[in-house]
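Below are the chains, spelled out letter by letter.
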Amino acid sequence: MPWKTFMSRWFPDYEVIRCPTGPNALKGFLLCLPRIITDPRSKVYVWSYKEPRIVALICRLFSIPLLRVEDGFLRSVQLGALRVPPMSLCFAEKALYFDATVESDLELILETYDFAADTELMERARRGIASLVSSRLSKYNSGQATDIDAIYGPKTKPRILVVGQVEGDMSMVKGMSRQMTNNELVRAVVAENPDAQVIYKPHPEVLKGIRKKPKQSNPDAVRDICLVVDQDIALADAFESIDRVYTMTSLAGFEALIRGLPVTCFGMPFYAGWGATDDRESCPRRTRRHTVEEIFAAAYILYPRYADPETGTELDFEQGLALLQKMKEAHDASTDASGASGS
């Protein structure tokens, strides 16, 4: 994509040629094609599934490896839609992790890796979960810490958190056999849990107006049957005093799992289908049963790549988490300082 200049840092030993997206995507690719064909080291990297269909055909015709790229599970302090560079990326030769229509690279790891034999990895996973939970970090970390009791009110009945997503996002298109809106999910949850307090947390990009209505269902339409959280609060706070989490395909579902919360999935995200979640869809390819620690080891340690977004220095998971924590602390301090100076 045009703004993703940061990709050059991920491939310091290569010349990175960026092609435009949108109406000129195919033209840009064809203009670059002679240079790509003549270098046997060439690879084509596509962000998500946004390329013109003929690109994959051309790559097969000329035996050019085509890999797909997506943000990793520890990304940044600010939202990716605000065009800040990521700290982690996922590269896929088969399919991206959110694509449940075929076997993805992450799914292959979960189907074949001998986790029981890799005691060092599993110890890293246990420590990693503890560190991630205590850090209160997430994929995006724009949400501010808040007094959640003031938002949720007194707890008088079971509490269920419904995690909203960006409707039309590829994780939903590729991760659900039957598409539904956030409001439809909320209504289904309320119908299943008539005696619970249902709390709906819209996606931060919807709250911030980055994803415009009417392309996104309006939370006001379900305000009469649930508590809608209108602030962009940190997920760690949103999980407080919650008894169950419902999602379609959101990563927030897995972030709930590592906190010991039961999770119901209406779609088939990468962490569903392994016996760790209550699933409303099935995936016959996923034959193994996995613990949350094993899924974490695959998704956060084995699968993604981490790098310092400023220098491009390669990192491992532990180093990436420590760096993201420092970035979050610096961001919060800067925000507090600017708020104090403006008061």
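Definitions and cut-offs
Residues numbered from 1 in each chain as written. Predicted model: local features only at pLDDT ≥ 70, side-chain atom pairs only at ≥ 80, totals over all residues. Heavy atoms only, no water. Helix = DSSP H or I, 4+ residues; strand = E, 2+ residues; numbered from the N terminus. Rg over C-alpha atoms; globule rule 2.2 N^0.38 Å. Buried < 20%, exposed > 50% of the residue type's maximum accessible area, 1.4 Å probe, protein only. Contact = heavy atoms within 4.5 Å. Areas by Shrake-Rupley, 256 points an atom, 1.4 Å probe, with all protein chains shown as cover. Phe/Tyr/Trp six-rings, centres within 6.5 Å; stacked < 30°, edge-to-face > 60°. Lys NZ or Arg CZ within 6 Å of the ring centre and 35° of its normal. Pairing = 2+ DSSP bridges. Lys, Arg positive; Asp, Glu negative; His and termini not counted. Salt bridge = Lys/Arg side-chain N within 4 Å of Asp/Glu carboxyl O. Polar contact = N/O pair within 3.5 Å; in protein donor to acceptor, adjacent residues only side chain to side chain. Core = buried A, V, L, I, M, F, W, Y, C linked by side-chain atoms within 4.5 Å. Right-handed = clockwise from strand over helix to strand, strands pointing away.

Caption draft 1: Region of the structure containing the overall build of the protein chain. Helix and strand content of the protein chain: 13 helices and 11 strands. Computed over C-alpha atoms, the radius of gyration of the protein chain comes to 21 Å, within 12% of the 20 Å expected from 2.2 N^0.38 for 343 residues, which places it in the range of a compact globule. Overall, the C-alpha framework of the protein chain stretches about 70 × 55 × 45 Å when taken along its three principal axes. Sorting the 343 residues of the protein chain into buried and exposed places 51% on the buried side. Long-range pairs, those at least 24 residues apart, make up 64% of the contacts in the protein chain with a sequence separation of at least 6. As displayed, the protein chain has an accessible area near 16200 Å², and 52% of this comes from carbon and sulfur atoms.

Caption draft 2: Highlighting the packing of aromatic side chains. The tally for this structure, following the rule as stated, stands at 21 aromatic pairs. Grouping aromatic residues by their ring pairs yields a cluster made of Y49, F73, Y97, F98, F254, F270, Y271, F296, Y300, Y303, Y306 and F317. Over the face of the ring belonging to Y49 we find K174, whose NZ or CZ atom lies 4.5 Å from the ring centre. Stacked on the ring of F11, the Lys or Arg R305 has its end atom at 5.7 Å from the ring centre.

Caption draft 3: Highlighting helix α4 (residues 105-112). Those residues of α4 that sit buried are D105, L106, E107, L110 and E111. Those residues of α4 that are buried lie in contact with β3 (88-92) and α12 (292-302).

Caption draft 4: The arrangement of unusual backbone geometry in detail. Of note, the phi angle at R136 is positive, near 65 degrees, even though the residue is not glycine. Along the chain, R136 falls in the loop between α5 (119-135) and α6 (148-152). Residue R136 is classed as partly exposed on the basis of its relative accessible area of 38%. Its identity is not glycine, yet S241 carries a phi of approximately 65 degrees, on the positive side. Among the secondary structure elements, S241 is positioned in the loop between α10 (235-238) and β7 (244-247).

Caption draft 5: Fine view of the pairing of β3. Most of β3 sits inside the fold, with five of its five residues counted as buried. Alternating positions in β3 separate into two faces, S88, C90 and A92 on one and L89 and F91 on the other, with burial throughout. By the bridge criterion, four bridges tie strand β2 (residues 66-71) to β3 in an arrangement that is antiparallel. Bridge pairing in β3 places V69 opposite F91. Relative to strand β10 (residues 305-307), β3 runs antiparallel, the two sharing two bridges. Along β10, the bridge assignment pairs L89 with R305.

Caption draft 6: Representation of the side chain of E281 within the structure. Of note, E281 is situated in the loop between β9 (278-279) and α12. It is R178 that comes nearest to the buried, bridge-free E281 among opposite-charge side chains, at 6.6 Å. Polar contacts involving the side chain of E281 include one to the main-chain amide nitrogen of S177, which spans 3.0 Å. Ignoring anything within four residues of it in the chain, the contact list for E281 reads G175, M176, S177, R178, C265, F266, G267 and M268.

Caption draft 7: Representation of the nonpolar core within the structure. Grouped together as the largest cluster of nonpolar side chains are 63 residues, with contacts concentrated most on F254, F270, F296 and Y300. The biggest single contributor to this core is α12, with eight residues. Excluding residues that lie within four positions of it along the chain, F270 makes contacts with F73, Y97, L106, L110, L251, F254, R286, I295 and A299. In terms of nonpolar packing, the next biggest core, distinct from the first, is built from 17 residues, V162, M176, V189 and V228 among them.

Caption draft 8: Structural view of the pairing of β2. Burial runs high along β2: six of the six residues are buried. Sheet topology note: the strand β1 (residues 44-47)/β2 ladder contains four bridges and is parallel. Counted as the bridge partner of W47 is V69 from β2. As a crossover connection, the stretch from β1 through helix α3 (residues 53-61) into β2 is right-handed.

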